[in-house]
Structures are given as structure tokens and as C-alpha cells.
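Breakdown of the fold
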Amino acid sequence: MKQFMGSEFFSASENSLFHIIPAPLEESVSYGKGTENGPIAIIEASQQLEKWDGFSIPGERGIYTKYLNFQGKKNANISTEEFLGAIEKEVFDSLLGKHIPIVLGGEHTVSLGAFRAISNDKSPYKGKTGIIQIDAHGDLRDEYEGNKLSHACVMRRAYDLGYIFFQIGVRSISLEEINFRKKNKISYIDAYQVVTENINKIKLPDDFPENIYLTIDVDGFDISVFPATGTPEPGGLGWYQVLSIIESVAAQRRIIGFDVVELAPCSIHASEFAAARLVYNIMGIIERKL
């Protein structure tokens, strides 16, 4: 199986700072389909990336791709919980080994596996990690279509695990979620404000945890950047705007892992290449802060 940027870099798992974890779960998508093909499309597109990300060569710190022991739920005939358990194990092992886990979705539900790994009782990051969410949607529903593990509920499950988080770029949200966000004082800057005020940096609350996990739904970007996603929304964030915001987060806290989810590849390859480039550029942001 191909490695992320395997055409340029290859190092053993123990010698790699970055661990790529493909997670091709597609169970609860509610509009367009195809997210189960996202991880492999990103890895395939990564073979075309340049080593130089514009500022440094983050791949020199080592990149290793850790495949789960199955390729997808439909073929493996396993439950969503079993899928999440496999993701949790790989992320947890990477964290214990002092690596940076990078989960490639798949639908947004895959992030829950990483959230559980970080909050594991044996995790050195339990209770010390906050989440930065870049997303067009709130994902704060308690359940969606009777499913508490829906992609529309992933941040509600993060809240249930005790996480503090900051939402950026939301522009499609239910009244239930708005009320939940207000009641529980969840920090946010919605897309209208980010875009119209040209916000390129955010200031985290003083009491925000010392470590950060980034969860990035590609629909948080404007559809001109990522048209290939299951629930596209107009009015999203720009490419350099998102990278600048992530830079500002990295300047304030330590990023210990991240995910890129909800890519649904189509016949135009721009989106998967953008996703691969996004992953590599965030690696660079992390590497330059170490």
C-alpha cells in the first residue's frame, strides 16, 4: 500500500514524527457520498507534492502511513464502534510514541476515534487538550436520524468527553445547536464574521488547554477550494486564511495531532490534491514550532 508522499520520503514508524492514519469510514453521510474514497485519494495525490512546502521540508522529520487492518466498513463488515476502536488504538499508540497522528477521513465521525484516544485514562494528554474545529457545520446535534454517531454529532460527542473547543467557519447550524452552543458557552467565530472581517488570526481564551487537536472538515473552506465534499456550503474560508489561522493557533499552543475529513473525490482532482497539500502544509506549521 502506498505511503503518504512515499515518492519523496520513507522512514520507519519509530523514526517518523508524523503518522498518517487513513480512516475510510462512510456510514452516516447525509447528502453526497464518496468519503470512504477520500483517504486513498489524498495519499495518491500526495505523490505529486514537492518536498518544499514554501518555508521548510517537514517530510524530513519522517512520515509513516499506518493502515488499519481493514480497508472499509462495507468490505470488512464491522460496526462503526469497531471502526472507531481501531482508529483510537492507532492514534493512542502514536501519541504514546511521541508521534503526531494525522487521521484522514472518511466522514467526520472518524474524529471521535482520535478524541477518545486523547482522553484515554492512560493518555498523557487527557484533560490537557482542546479542539480547534474548522467546519461549515456545528456538528453539535445530540443525534441525527436516530444515530448518535452521525457525522452531524461528532462535536457533541467531544463535549460529552469533556473537551473544550473553538469552532471556526460555521455557516450551517440548527437552532438546537445554536442554543446548545450558547448554553454551554462554546467559543466560536462563524464564517460570516471570519470572511467579511478578513480574520486571519484568532486569540484563544486564556484558559484554553495547553495542547491542541485540529479537526478540519474540508467544507469549512469555500467551495472554490474544495468542491468535492458531501455537504458543500457557499461562503467559506479561503486557503491562505485557514493556514494563517492555524499558524496563529500554533503560535499560542502545541498542536499534538489533527485530521482532515469529508473529502468526497470526484472526476476533477483539484480537491484531493488540495487536501494532500493541506496535510503537508500543516505538518510544516507543526514542525517549525518544535
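Just above sits the structure.
A brief look at the structure comes next.

Analysis parameters
- Residues numbered from 1 in each chain as written.
- Predicted model: local features only at pLDDT ≥ 70, side-chain atom pairs only at ≥ 80, totals over all residues.
- Heavy atoms only, no water.
- Helix = DSSP H or I, 4+ residues; strand = E, 2+ residues; numbered from the N terminus.
- Rg over C-alpha atoms; globule rule 2.2 N^0.38 Å.
- Buried < 20%, exposed > 50% of the residue type's maximum accessible area, 1.4 Å probe, protein only.
- Contact = heavy atoms within 4.5 Å.
- Areas by Shrake-Rupley, 256 points an atom, 1.4 Å probe, with all protein chains shown as cover.
- Phe/Tyr/Trp six-rings, centres within 6.5 Å; stacked < 30°, edge-to-face > 60°.
- Expected span 1.5 Å × (residues − 1).
- Axes fitted to C-alpha atoms, helices over the stretch in contact; angles between N-to-C directions.
- Parallel < 35°, antiparallel > 145°, perpendicular 65-115°, else oblique.
- Left-handed = near helix turned anticlockwise from the far one by under 90°.
- Nonpolar A, V, L, I, M, F, W, Y, C, P; charged D, E, K, R; others polar.

**Some points on the overall build of the protein chain**
Of the regular secondary structure elements, the protein chain holds nine helices and eight strands. Against the 2.2 N^0.38 benchmark of 19 Å for 290 residues, the protein chain shows a C-alpha radius of gyration of 17 Å, consistent with a compact globule. Considering only C-alpha atoms, the protein chain reaches an extent of 45 × 45 × 45 Å along its principal axes. Within the protein chain, the fraction of its 290 residues that count as buried is 60%. When contacts within the protein chain are restricted to residue pairs at least 6 apart in sequence, long-range pairs at least 24 apart make up 79% of them. Accessible area of the protein chain: about 12100 Å², with a carbon and sulfur share of 50%.

**Structural notes on the environment of Pro-124**
Position of Pro-124 relative to the elements: it lies in the loop between α4 (111–118) and β4 (129–134). As for Pro-124 and Phe-92, which are separated by 32 residues in sequence, their C-alpha atoms are 9.9 Å apart.

**Topic: the side chain of Ser-46**
Following the sequence through the fold, Ser-46 ends up in helix α1 (residues 38–46). On the basis of relative accessible area, Ser-46 is assigned to the buried category, the value being 0%. What Ser-46 contacts, discounting residues up to four positions off in sequence, is Gln-3, Phe-4, Met-5 and Ala-276.

**So, the packing of aromatic side chains**
One pass over the full model with this rule turns up five aromatic pairs. Summarising the aromatic geometry, the rings of Phe-115 and Tyr-163 are spaced 5.7 Å apart at their centres and angled 55 degrees between planes, so their arrangement reads as tilted. Residue Phe-115 is found in helix α4, and its partner Tyr-163 is found in the loop between α5 (154–160) and β5 (165–168); the two are separated by 48 residues along the sequence. The pair formed by Phe-115 and Tyr-163 is uniform in burial state, with each residue classed as buried. Judged by centre distance (5.0 Å) and plane angle (65 degrees), the ring pair of Phe-221 and Phe-226 falls under edge-to-face.

**Observations regarding helix α3 (residues 80–96)**
Owing to its 3.6 residues per turn, the α-helix brings residues three or four apart onto one side. When the terminal C-alpha atoms of α3 are compared, their 24 Å separation across 17 residues agrees well with the 24 Å that a helix rising 1.5 Å per residue should span. Turning to α3, its buried residues are Thr-80, Phe-83, Leu-84, Ala-86, Ile-87, Glu-90, Val-91, Phe-92, Ser-94 and Leu-95. Positive phi shows up at Lys-98, right after α3, with a value of about 65 degrees.

**Looking at unusual backbone geometry**
Residues apart from glycine generally show negative phi values, whereas peptide bonds are mostly found in trans. The linkage connecting Gly-105 with the following residue, Gly-106, adopts the cis geometry, with an omega of 20 degrees. With respect to the helices and strands, Gly-106 occurs in the loop between β3 (100–105) and α4. Even without being glycine, Met-5 reaches a positive phi, approximately 55 degrees. Looking at where Met-5 falls in the secondary structure, it is placed in the segment before β1 (18–23). Even without being glycine, Glu-262 reaches a positive phi, approximately 70 degrees. Position of Glu-262 relative to the elements: it lies in the loop between β8 (254–261) and α9 (270–289).

**Observations regarding the packing of helix α8 (residues 239–252) against α9**
Axis angle and axis distance: for two packed helices, these are the angle between their axes and the distance between the axes, and together they describe the pair. At a minimum axis separation of 10 Å, α8 and α9 run at an interaxial angle of 25 degrees. With respect to their mutual orientation, α8 and α9 come out roughly parallel. Viewed along their axes, α8 and α9 form a crossing whose handedness is right-handed. Facing Trp-239, Leu-243, Ile-246, Glu-247, Ala-250 and Ala-251 of α8, the residues of α9 in contact are Ala-274, Arg-277, Leu-278, Asn-281, Ile-282, Ile-285, Arg-288 and Lys-289. A per-class count over the contact of α8 with α9 returns nine nonpolar, one polar and four charged.

Structural measurements only, silent on function.
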